[in-house]
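# Close look at the chain arrangement
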Amino acid sequence: MAKPAPRAVTVQSIEQLTTNMKRLIFTGESLSDFPENQASAYVKMVFEVPGSPKPIMRSMTVVDSSQKRKELTIDIVVHNKHQPEKQGPAGRWLAKAKAGDPALIAGPGDTKLVDLDADWFFIAGDMTALPAIRANLQLMPESAKGYIVLEVPDKDDQRALEISEQQIPDGIDIHWVINSESGCNPEQIKDTLTQLEWLPGTPYIWAAGELKAVLELRNHLNQTMPKPRPARYISSYWQKGLNDEQHKLEKKRQLTEI
Ligand SMILES: Cc1cc2nc3c(=O)[nH]c(=O)nc-3n(C[C@H](O)[C@H](O)[C@H](O)COP(=O)(O)OP(=O)(O)OC[C@H]3O[C@@H](n4cnc5c(N)ncnc54)[C@H](O)[C@@H]3O)c2cc1C
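Residues numbered from 1 in each chain as written. Predicted model: local features only at pLDDT ≥ 70, side-chain atom pairs only at ≥ 80, totals over all residues. Heavy atoms only, no water.

A count of helical and extended segments in the chain gives 5 helices and 11 strands. For 258 residues, the compact-globule estimate of 2.2 N^0.38 gives 18 Å, and the C-alpha radius of gyration of the chain, at 18 Å, lies within 12% of that figure. Structurally, the chain occupies a C-alpha span of about 50 × 40 × 40 Å along its principal axes. When the 258 residues of the chain are sorted by exposure, 49% land in the buried category. Sequence separation of 24 or more characterises 73% of the internal contacts of the chain that already satisfy a separation of 6 or more. For the chain, the computed accessible surface area is about 13,400 Å², with 50% contributed by carbon and sulfur atoms. (Helix = DSSP H or I, 4+ residues; strand = E, 2+ residues; numbered from the N terminus. Rg over C-alpha atoms; globule rule 2.2 N^0.38 Å. Buried < 20%, exposed > 50% of the residue type's maximum accessible area, 1.4 Å probe, protein only. Contact = heavy atoms within 4.5 Å. Areas by Shrake-Rupley, 256 points an atom, 1.4 Å probe, with all protein chains shown as cover.)

Next up on the list: the domain arrangement of the chain. Split into domains, the chain comes out as domain 1 (7-106) and domain 2 (120-254). Measuring from the centre of the C-alpha atoms in domain 1 to the corresponding centre in domain 2 gives 23 Å. Counting from both sides, the interface comprises 16 residues of domain 1 and, opposite them, 17 residues of domain 2. Of the roughly 1,300 Å² buried between domain 1 and domain 2 on both sides combined, carbon and sulfur atoms contribute 53%. Area buried by domain 1 at its contact with domain 2 is led by Thr 18, Arg 58 and Thr 61, which between them contribute 30% of it. Measuring nitrogen to oxygen at the nearest pair gives 2.9 Å for the salt bridge that ties Arg 23 to Glu 162. Run the count over domain 1 and domain 2 and you get 8 residue pairs in polar contact (both at pLDDT 80 or more). Elements supplying a minimum of two residues to the side of domain 1 that touches domain 2: strand S1 (7-18), strand S2 (21-27), strand S4 (56-66) and strand S5 (71-77). The greatest single-element share of the side of domain 1 that touches domain 2, amounting to 5 residues, is contributed by S4. Here the residues of the side of domain 1 that touches domain 2 are counted per class, giving 7 nonpolar, 5 polar and 4 charged. (Domains from an automatic or database assignment. Buried area = accessible area lost by both parts, 1.4 Å probe. Salt bridge = Lys/Arg side-chain N within 4 Å of Asp/Glu carboxyl O. Polar contact = N/O pair within 3.5 Å; in protein donor to acceptor, adjacent residues only side chain to side chain. Nonpolar A, V, L, I, M, F, W, Y, C, P; charged D, E, K, R; others polar.)

Attention now moves to the nonpolar core. Counting residues in hydrophobic clusters, the biggest one holds 27 residues, and the most contacted among them are Phe 121, Ile 123, Leu 137, Met 140, Ile 172 and Trp 206. Looking at this core, the elements that each hand over two or more residues are strand S7 (120-125), helix H2 (130-139), strand S8 (145-152) and strand S10 (203-210). Sorting elements by how many residues they give to this core places H2 first, with 4 residues. Formed jointly, this core draws a minimum of three residues from each of two domains, domain 1 (7-106) and domain 2 (120-254). Residue contacts for Leu 137: discarding those within four places in its chain leaves Ile 148, Leu 161, Ile 163, Ile 168, Pro 169, Ile 172 and Ile 174. Ranked by size, the runner-up nonpolar core spans 23 residues in total, among them Val 9, Val 11, Val 49 and Ala 97. (Core = buried A, V, L, I, M, F, W, Y, C linked by side-chain atoms within 4.5 Å.)

With that out of the way, let us pick up the sheet that holds S4. By way of backbone hydrogen bonds, the strands of a sheet pair with one another, either parallel or antiparallel. Around the barrel, 6 strands lie side by side as S1-S2-S5-S4-S3-S6; this closed barrel has antiparallel pairing. Strand-to-strand twist in this sheet, taken as the mean axis angle between neighbours without regard to direction, amounts to 45°. Taken together, the 4 bridges between S1 and strand S6 (residues 102-106) define a ladder with antiparallel strand orientation. Note on S6: the bridge partner recorded for Arg 7 is Ile 105. Strand contacts of H2: S1, S2, S4 and S5, with the helix running at about 30° to S4, the strand carrying the most contacts. Against the sheet, helix H5 (residues 244-255) makes contact with strand S3 (42-47) and S4, and its axis sits at roughly 90° relative to S4, the strand it touches most. (Pairing = 2+ DSSP bridges. Axes fitted to C-alpha atoms, helices over the stretch in contact; angles between N-to-C directions.)

In structure tokens:
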């Protein structure tokens with residue numbers, strides 16, 4: 001079956017959410033049948049790039065959507081802002097984006113939610129995974145237990161979680177890792193995990209972010225996790241030094257060998 005055409009939308013608003021993240025709200029008639037309750041699912045932003053024989057797509061996470069308001073919200077990390085020559089199509093588009101700009105958005109794909117029936121949760125990721133982690137945290141019951149390790153480039157980026165201390169279940173410990181050089185020091189999230197106490201029962205493991213950081217974490221978990229392995233979602237969302245087409249090839253090679 002042919003894939004549905006991407007939805008034509010318009011930037012309704014763009015807000016500097018934190019030092020390294022912008023929030024975009026898109027609007028358009030085409031969003032009147034965008035499925036509801038898709039927070040954590042990915043959409044693909046579609047870019048026409050001069051010289052490229054086909055459109056280029058970049059994945060972003062649904063923060064919120066409304067058929068009634070015909071709106072879709074996504075949060076995009078501002079990366080390589082001081083090295084525009086290193087930006088890809090999404091980064092270049094974001095740098096100039098303003099209200100009224102047209103955009104094309106395909107999807108959504110599957111949601112990326114933890115199994116809420118697990119005994120406890122280990123969730124980790126960088127700022128590209130923060131919107132999906134936020135969506136998961138918002139669904140957790142008050143009785144939830146476990147750890148969330150989040151790496152952000154700047155302390156100010158912690159505000160992007162947008163959930164107050166009071167709203168976070170008492171049993172969930174959040175550990176922030178500040179790394180101003182995203183993609184460097186890929187062992188940091190794994191090192192934080194090694195300092196945490198493995199809780200009783202079976203966890204649900206959720207991890208996403210830069211490929212090398214995710215690999216460090218996955219390899220450590222494979223070596224130390226009790227068998228049988230708990231259910232998990234482990235995925236890389238980007239790779240330092242490679243564009244997304246190159247990253248996807250590397251991801252296929254590295255992450256399928258589990
Ligand atoms: C399922 C899924 C959901 C995602 N959700 C989000 C989301 O909600 N918000 C979001 O911002 N991103 C998200 N991402 C990640 C995003 O798709 C990638 O960061 C993408 O590579 C950005 O495209 P680009 O055109 O800007 O850069 P590319 O052309 O892919 O790469 C150009 C250069 O920028 C570098 N680069 C790419 N991303 C980053 C980064 N985050 N930090 C530092 N350097 C980078 C690359 O290493 C490369 O050197 C998601 C990815 C997946 C797979």
